[in-house]
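Coordinate analysis (summary)
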Amino acid sequence: MTQVKNGDTVGIHYTGTFLDGTTFDSSDGSDPLKIVVGSGQIISGLDMALPGMAVGDKKTVDIPSELAYGPIDLQMRKRVPRESIPAEVPLDIGTMLNVETPEGQAMQVMIVEVDEATVTIDANHPLAGKDLKFDIELMSIA
């Protein structure tokens with residue numbers, strides 16, 4: 001039976017959960033996710049779990065944050081004056097905003113704290129600092 005190796009294009013079905021069992025992403029109801037193993041298209045902890053699997057194999061993988069979206073980088077949090085955010089933008093914690101860096105690049109940030117004078121925005125990936133669990137099933141090897 002053919003087993004996955006680095007460089008293979010594979011199709012997987014997956015369900016990603018936090019350690020408390022809450023689902024944050026799933027391929028359920030859609031086509032399998034197609035990726036090239038070892039190419040960096042997915043988080044490294046999931047990528048490393050695929051070699052050696054055969055079509056039809058199922059596996060549960062616990063992935064520490066370091067092999068997922070990395071630790072939270074406090075340098076990626078910035079306090080900005082409240083008046084620098086347009087009045088029509090809701091300042092609810094968890095709101096995602098598209099901003100432009102001083103270099104002109106687009107970046108997505110999340111509002112994580114609001115007080116009278118400032119809004120704290122966070123450019124870390126929303127899953128940074130979180131340990132994750134994935135249930136995966138190998139559907140195809142090309």
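Our subject is the structure listed above.
Residues numbered from 1 in each chain as written. Predicted model: local features only at pLDDT ≥ 70, side-chain atom pairs only at ≥ 80, totals over all residues. Heavy atoms only, no water.

1. Side note on the environment of serine 65
One can find serine 65 in the loop between β4 (58–63) and β5 (77–81). Residues serine 65 and lysine 78, 13 residues apart in the sequence, show an inter-C-alpha distance of 22 Å. Excluding its chain neighbours within four sequence positions, the residues that come into contact with serine 65 are Gly70, Gly129, Lys130 and Asp131. Of the polar contacts made by the side chain of serine 65, one reaches the side chain of glutamate 66; its length is 3.4 Å. (Helix = DSSP H or I, 4+ residues; strand = E, 2+ residues; numbered from the N terminus. Contact = heavy atoms within 4.5 Å. Polar contact = N/O pair within 3.5 Å; in protein donor to acceptor, adjacent residues only side chain to side chain.)

2. Some thoughts on the nonpolar core
Counting 20 residues, the largest nonpolar core has Val10, Leu50, Phe134 and Ile136 as the members making the most contacts within it. Broken down by secondary-structure element, the contributors of at least two residues to this core are β1 (9–18), β4 and β9 (132–141). A total of four residues in this core trace back to one element, the largest contributor, which is β9. Phenylalanine 134 has contacts with Tyr14, Thr15, Gly16, Phe24, Ile43, Leu46, Lys59, Thr60, Val61 and Ile63, leaving out every residue within four places of it along the chain. Val80, Val89, Leu97 and Ile121 belong to the second largest nonpolar core, which has nine residues in total. (Core = buried A, V, L, I, M, F, W, Y, C linked by side-chain atoms within 4.5 Å. Buried < 20%, exposed > 50% of the residue type's maximum accessible area, 1.4 Å probe, protein only.)

3. Things to note about the pairing of β1
Look at any regular strand and the pattern is simple: side chains alternate between the two faces of the sheet. Relative to strand β3 (residues 33–36), β1 runs antiparallel, the two sharing four bridges. By the bridge assignment for β3, threonine 9 is matched with valine 36. Here β1 runs beside β9; their pairing, made up of nine bridges, is antiparallel. Bridge pairing in β9 places histidine 13 opposite glutamate 137. Taken together, the three bridges between β1 and strand β2 (residues 23–26) define a ladder with antiparallel strand orientation. Within the sheet, the bridge partner assigned to threonine 17 lies in β2 and is threonine 23. Connecting β1 to the antiparallel partner β2 that follows it, the hairpin turn spans four residues, and glycine 21 within it adopts a positive phi of roughly 95°. (Pairing = 2+ DSSP bridges.)

4. Section: the packing of aromatic side chains
Applying the stated criterion to the full structure yields three aromatic pairs. Ring geometry for phenylalanine 24 versus phenylalanine 134: centroids 5.7 Å apart, planes at 90°, classification edge-to-face. Placement of phenylalanine 24 in strand β2 and of phenylalanine 134 in strand β9 is noted, with a sequence separation of 110 residues between them. Overall, phenylalanine 24 belongs to the partly exposed group, its relative accessible area being 24%. Judged by relative accessible area, phenylalanine 134 falls into the buried class, the value being 6%. One aromatic cluster is present, formed by Tyr14, Phe18, Phe24 and Phe134 through successive ring pairs. One cation-aromatic arrangement involves lysine 130 over phenylalanine 18; the distance from NZ or CZ to the ring centre is 6.0 Å. (Phe/Tyr/Trp six-rings, centres within 6.5 Å; stacked < 30°, edge-to-face > 60°. Lys NZ or Arg CZ within 6 Å of the ring centre and 35° of its normal.)

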